[in-house]
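Residue strings, one per chain:
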Amino acid sequence: MIPPPRPGLSEKWPCLMTLCGNTGIVKFFDPIYNVVTITGIPIPKLRGSRIRSSKGNWLLMSHGNHDLFFFFNPISNEIIELPDLEEHENYSSSWTFSCPPDSLSSVCIVVGIDFDGCPPDAYIIKIGETSWMFSYLNDLDRYKCFKLTGCNNPIFFKNTIVYLGDEGNLGVLTINESSIPSWELYGSYFRRRKQKSIQHVYMVEDVDNERMLVIFLCHQEGEVEVRRYKMNGKVLEREQITSLDNNKTLFVSFGGSYLKTCVAQGLGNKIFFTMFHNNNKGVFYCLANRKYFSFDYLDIKAYSSPNIFNLVRPRSCIWTESMTDAGWIKMLAVNPPIWKTPFFDDSYSNM
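Each chain has its residues counted from 1, running along the sequence as written. Only residues with pLDDT of at least 70 get local features here, since the model is predicted, and only at 80 or more are side-chain atom pairs given and counted; chain-wide, interface and lining totals rely on the full set of residues. Only hydrogens and water are set aside; all other atoms, that is, all heavy atoms of the structure, feed into the side-chain values.

### Some details on the packing of aromatic side chains
Planes of paired rings set the category: under 30 degrees apart is stacked, over 60 is edge-to-face and the rest tilted, where pairs are Phe, Tyr or Trp rings (Trp by its six-membered ring) whose centres lie within 6.5 Å. Summed over the entire model, instances satisfying the criterion amount to 20 aromatic pairs. Linked through ring pairs, F29, F251, F272, F276, F284, F293 and W319 together constitute an aromatic cluster. In this structure, K55 is placed above the aromatic ring of F97, and the distance from its NZ or CZ to the ring centre is 5.9 Å. A ring is considered to have a charge above it if a Lys NZ or an Arg CZ atom is located within 6 Å of its centre and within 35 degrees of its normal. One residue, K194, lies across the ring of F190, its end atom 5.8 Å from the ring centre.

Put into structure tokens, the structure is as follows:
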């Protein structure tokens, strides 16, 4: 496989940001150049913090499983505090927000969804409000409800509805101005054998087509399956696809996943997970060949594998939407961002 030519200075693409442990080091992985840049000037606010979600140049972060939430912009170092969650614990929650918190055109809504509950409980706040709203259903309603597990990144769709893709179905949380948020379930679960084969589920908004893409990473050898979801009235239409129209690239991670028009020749129909081989060399999945590859510019032979057995993944990392352009890596060497000790260590976990 031929590595892509390096793009022009005007192009932009997602960057993978990794928080290391007590070293206070932050790593930025550029998927086009296939290099990792390390910076490490600390910011006290980030000590013990956890990345929950990303959108644009903003990260939603928290301390521990509850209480303290805030937004952080790694380019400007700006911090926007959110009210405390008090004593409401959110076990294994998924988090998302509707738009950057400094948006002038829309109100930023933050939503957290628990994996526990049937349906899941939700935590909701608008930027500028002083307290969180909690969405619960009483026990009388739960017999006709559903449970969602496994989705790593719920998404906002048309600003007021959160879709949560799961193992075959789709949960829709409607956030109303004048009433309690409500859940609805569409579609049906996969067969039990299919469900057991799924390791992770990622969801991405297809803005151009007003649809959603759901990416399933399977336990066995890391097989990848992509399905297109679309609501047709009250009916969920879903179809398995084998191509991203040949001119799109997927970047998927816990809390932040994006579908982008490919910025370099050779990246169409590819999926970048948070996987590495051979000392921080990035790996992507090719839908056409159904294999994992890496553009190793300095190697005689590029990496290729039909499985993920020898790949590793950072413990705390997330794709950020627009931090990277062709001048970003050079800028880091001259003017590195300022960071403080994150909560995860430098080790990697085997896939």
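From this point, the discussion proceeds with the structure in view.
### Regarding the pattern of salt bridges
Side chains that differ in sign of charge can pair as their charged atoms come close. One speaks of a salt bridge when a side-chain nitrogen belonging to Lys or Arg is within 4 Å of a carboxyl oxygen belonging to Asp or Glu. According to the stated counting rule, one finds 6 salt bridges in the structure shown. Here D208 and K248 are joined by a salt bridge, their closest N and O atoms 3.5 Å apart. Of the two residues, D208 is situated in the loop between β16 (198-206) and β17 (211-218) and K248 in strand β20 (residues 248-251); the sequence distance between them amounts to 40 residues. To sort residues, take the accessible area from a 1.4 Å probe on protein chains only and compare it with the maximum for the residue type: under 20% means buried, over 50% means exposed, and anything in between is partly exposed. Its relative accessible area of 61% is what places D208 among the exposed residues. By relative accessible area, K248 is classed as buried at 9%. In this structure, the salt-bridge partner of E225 is R227, at a minimum N-O distance of 2.5 Å. A helix here means a DSSP run of H or I that spans at least four residues, while a strand means a run of E at least two residues long, and both kinds are numbered starting from the N terminus.

### Describing the nonpolar core
One broad rule of soluble globular proteins: the nonpolar side chains tend to lie buried together. Put simply, buried Ala, Val, Leu, Ile, Met, Phe, Trp, Tyr and Cys residues joined by side-chain atoms within 4.5 Å make one nonpolar core. V111, Y163, L170, I175, M203, M212 and Y229 are the most contacted members of the largest nonpolar core, which totals 28 residues. In what follows, a contact means two residues having at least one pair of non-hydrogen atoms within 4.5 Å. Not counting the four nearest positions on each side in its chain, M212 is found in contact with I155, F157, Y163, L170, M203, V204, D206, R227, R228 and Y229. Counting 22 residues, the second largest nonpolar core, distinct from the first, contains V252, I271, L287 and I308.

### Details of unusual backbone geometry
One non-glycine residue, N34, lies in the positive phi region at around 60 degrees. Considering the arrangement of structural elements, one finds N34 in the loop between β2 (26-30) and β3 (35-39). Given a relative accessible area of 4%, N34 falls into the buried group. Its identity is not glycine, yet N269 carries a phi of approximately 70 degrees, on the positive side. Within the secondary structure, N269 is located in the loop between β21 (258-261) and β22 (270-277).

### Section: the confidence of the model for the chain
As a general rule, the predicted coordinates of low-pLDDT regions are not to be interpreted in detail. Of the residues in the chain, 75% have a pLDDT of 70 or more, and the chain-wide mean is 77. The lowest-confidence element of the chain is strand β28 (residues 348-350), averaging 32 in pLDDT; the highest-confidence one is β20, averaging 94. As a per-residue quantity, pLDDT reports the predictor's confidence and falls between 0 and 100. Here residues 324-351 is a poorly scored stretch, pLDDT under 50, and it has 112 contacts once near neighbours within four places are set aside; other chains count.

### Brief notes about the environment of C286
Checked against the element boundaries, C286 lands in strand β23 (residues 281-286). With relative accessibility at 2%, the residue C286 sits in the buried group. Each C-alpha atom of the pair C286 and T242 lies 9.9 Å from the other, and the pair is 44 residues apart in sequence. Setting aside residues no more than four positions away along its own chain, C286 makes contact with N269, K270, K291 and F293.

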